[in-house]
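# Structural overview for review
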Amino acid sequence: MSTTPSAPGPSEPLTESYTYHSSTPIAPGPYILGVDEAGRGPVLGPLVYGVAYCPAAYNEELEKLGFADSKTLTPETRASLLETLSSDPDNLGWSVRVISPQAISSSMLRRPPTNLNRQSQDATILLIKEVLERGITLTEVYVDALGTTTTYEAYLSSLFPGINFTVTAKADSKFKIVGAASVAAKVTRDACIEGWTFEEGESEWSNEVGSGYPSDPKTQAWLRENLDPTFGFPKIVRFSWATVKVMLENNGHAVKWIDDGQASLVKSFETGQGRDKDRCIVTKELKLTSVGTL
């Protein structure tokens with residue numbers, strides 16, 4: 001089951017962020033839930049937040065299933081564990097929030113900017129809210145650290161009274177339910193990268209992008225080879241990353257902005273000159289401009 005906007009199909013480009021939910025477990029609660037992410041650092045592809053949840057009474061069984069920090073597991077093991085996470089729908093549920101590269105960049109470049117921590121926080125809150133809306137009663141939530149742990153714990157507790165939050169570093173290694181969330185996030189992100197459909201034209205771009213991290217030589221080579229000096233990069237790239245900004249500044253065509261006369265009109269209005277000299281402050285606040293007579 002997915003929420004709007006829906007997850008793109010196998011051959012559709014990822015143009016918007018989306019949320020995916022597994023089927024809802026039916027075993028009696030209360031439930032515990034883990035939160036983790038994949039893809040905060042890469043210059044390519046989406047950031048994916050994942051949650052996994054199960055009845056508190058199921059925790060002993062969960063310990064036997066092999067979940068761990070997804071970065072310590074092979075791709076094959078991660079894929080197998082996601083199948084395990086989906087194999088007991090009465091007790092196990094999971095969800096992911098996929099934040100597109102375009103959404104990441106536009107949020108970070110707008111004024112005022114929405115930084116990656118805030119975007120991550122919003123994704124976490126959205127997933128928890130939607131799990132609760134599915135009728136799941138949560139009493140314990142474990143979150144991999146984001147910023148100051150005590151501050152974040154207090155903030156989440158204020159939003160969701162009655163739920164005990166634990167925010168800690170390396171939560172995916174300490175709590176199996178967070179390890180399960182880590183697997184869901186990582187497998188989803190890897191699938192997004194490996195199956196990426198280039199909106200700009202599939203035949204023009206190579207999928208050999210490496211890990212997507214700026215330090216990866218394969219990723220660096222891909223960026224160099226696929227930089228268009230006029231149009232920049234395809235939409236798999238996060239334009240707000242310093243790596244990309246530097247490459248565009250050094251290798252992209254310079255842009256010259258031509259004043260077609262509009263800038264002086266705006267300045268005149270803002271400073272109360274010309275026809276707008278006697279306009280009241282309300283007019284200015286509403287951003288109303290003068291229209292010349294015919």
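Every chain's residues receive numbers from 1 upward, in the order its sequence appears when written. The model is predicted, so local features are restricted to residues of pLDDT at least 70 and side-chain atom pairs to those at 80 or more, both for listing and for counting; the totals for chains, interfaces and linings are taken over all residues. With hydrogens and water excluded, all non-hydrogen atoms of the structure serve as input to the side-chain values.

## So, the overall build of the protein
A run of H or I in DSSP counts as a helix once it spans at least four residues, and a run of E counts as a strand once it spans at least two, with each numbered from the N terminus. When helices and strands are tallied, the protein shows 11 helices and six strands. Buried means the residue's accessible area, taken with a 1.4 Å probe over protein chains only, is under 20% of the maximum for its type, while exposed means over 50%, and partly exposed covers the values in between. Within the protein, buried positions represent 43% of all 294 residues. In this description, contact between two residues means that some pair of their heavy atoms is separated by no more than 4.5 Å. For the protein, long-range pairs separated by at least 24 residues make up 67% of all intrachain contacts whose partners lie at least 6 apart in sequence. Surface accessibility follows the Shrake-Rupley procedure with a 1.4 Å probe radius. Residue values consider only the protein chains on display as shielding. Carbon and sulfur atoms provide 53% of the accessible area of the protein, an area that totals close to 15,800 Å².

## Here we look at unusual backbone geometry
Here the bond from G29 into P30 is cis, since omega is 5°, no more than 30 degrees from zero. Among the structural elements, P30 can be located in the loop between β1 (18-21) and β2 (31-38). Positive phi is not limited to glycine here, since K170 has a value of about 55°. Note on placement: K170 falls in the loop between β6 (164-168) and α6 (171-174).

## Side note on the UniProt feature "binding site: a divalent metal cation" (unreviewed entry) in the protein
UniProt annotation of "binding site: a divalent metal cation" (unreviewed entry) refers to D36, E37 and D144 when read in the numbering used here. Spatially, the listed residues are clustered: although they cover 109 residues, their C-alpha atoms lie within 8.1 Å of one another. Here D36 is in contact with V48, Y49, G50, D144, D172, V178, A181, S182 and A185, once residues within four sequence places are set aside. Mapped onto the fold, E37 is located in strand β2. By relative accessible area, E37 is classed as partly exposed at 21%. Every residue in contact with E37, bar those within four places of it in the chain, is listed here: L47, V48, Y49 and A185. Of the polar contacts made by the side chain of E37, one reaches the backbone nitrogen of G39; its length is 3.4 Å. UniProt positions are given in the numbering used here, feature names are shortened, and annotations may be inferred rather than shown by experiment. Polar contacts, as counted here, are pairs of nitrogen or oxygen atoms within 3.5 Å of one another; within protein the pair requires one atom able to donate a hydrogen and one able to accept it, and residues that are adjacent in sequence qualify only if both atoms are side-chain atoms.

## Observations concerning the nonpolar core
One finds L33, L85, L138 and V141 to be the most contacted residues of the largest nonpolar core, which totals 71 residues. Element by element, the count of residues in this core is highest for helix α7 (residues 176-194), at 10 residues. Excluding its chain neighbours within four sequence positions, the residues that come into contact with V141 are L33, V35, I128, I163, N164, F165 and T166. Throughout this description, the term nonpolar core refers to a set of buried Ala, Val, Leu, Ile, Met, Phe, Trp, Tyr and Cys residues connected via side-chain atoms within 4.5 Å.

## Considering the sheet that holds β6
Any two strands with at least two DSSP-identified bridges between them are counted as paired. Spatial ordering of the open sheet is given by β1-β4-β3-β2-β5-β6, a layout of six strands whose pairing is mixed. Lying at the two open borders of the sheet, with one neighbouring strand each, are β1 and β6. Sheet twist, expressed as the average angle between the axes of neighbouring strands with direction ignored, equals 15°. Where β2 meets strand β3 (residues 47-55), eight bridges bridge the pair, whose relative direction is antiparallel. To define axes, lines are fitted to C-alpha atoms, for helices over the stretch in contact only, and angles between the resulting N-to-C directions are given on a 0 to 180 degree scale.

## Observations regarding the packing of aromatic side chains
Aromatic rings from Phe, Tyr and Trp, with only the six-membered ring used for Trp, were paired whenever their centres fell within 6.5 Å, and each pair was classed as stacked if the ring planes differed by under 30 degrees, edge-to-face if by over 60, and tilted otherwise. Using the criterion set out here, one finds six aromatic pairs in the structure. Relative to F239, the ring of F233 has its centre 6.3 Å away and its plane inclined at 65°; by these criteria the two rings are edge-to-face. Looking at F239, the relative accessible area reads 27%, which means it is partly exposed. The positively charged end of R238 is found above the aromatic ring belonging to W241, 4.9 Å away from the centroid. Comment: the charge-over-ring label is applied if NZ (Lys) or CZ (Arg) is within 6 Å of the ring centre and within 35 degrees of the ring normal.

## Observations regarding the pattern of salt bridges
What makes a salt bridge here is a side-chain nitrogen of Lys or Arg within 4 Å of a carboxyl oxygen of Asp or Glu, nothing more. Here the structure, examined in full by the defined rule, presents six salt bridges. A salt bridge links D122 to R118; its shortest N-O distance comes to 3.0 Å. One end of the pair, D122, and the other, R118, are both in helix α4 (residues 116-133), four residues apart, so they sit about a helical turn from each other. Its relative accessible area of 35% is what places D122 among the partly exposed residues. Under the relative-accessibility criterion, R118 is labelled partly exposed at 45%. Here K186 makes a salt bridge to D190, at a shortest N to O gap of 3.3 Å. Of this pair, K186 and D190 are both found in helix α7, four residues apart, which corresponds to roughly one turn of the helix. Linked through salt bridges whose partners overlap, the residues forming this network are D69, K71 and D172.

## Quick look at the confidence of the model for the protein
On a range of 0 to 100, pLDDT expresses the predictor's confidence in each residue. On average, residues of the protein score 85 in pLDDT, and 81% of them reach the 70 mark or higher. Considering each helix and strand of the protein separately, the mean pLDDT is smallest for helix α11 (residues 281-285), with a value of 48, and largest for strand β4 (residues 93-99), with 98. Here residues 1-6 scores under 50 on pLDDT; set against residues more than four positions off or in separate chains, the count is 15 contacts.

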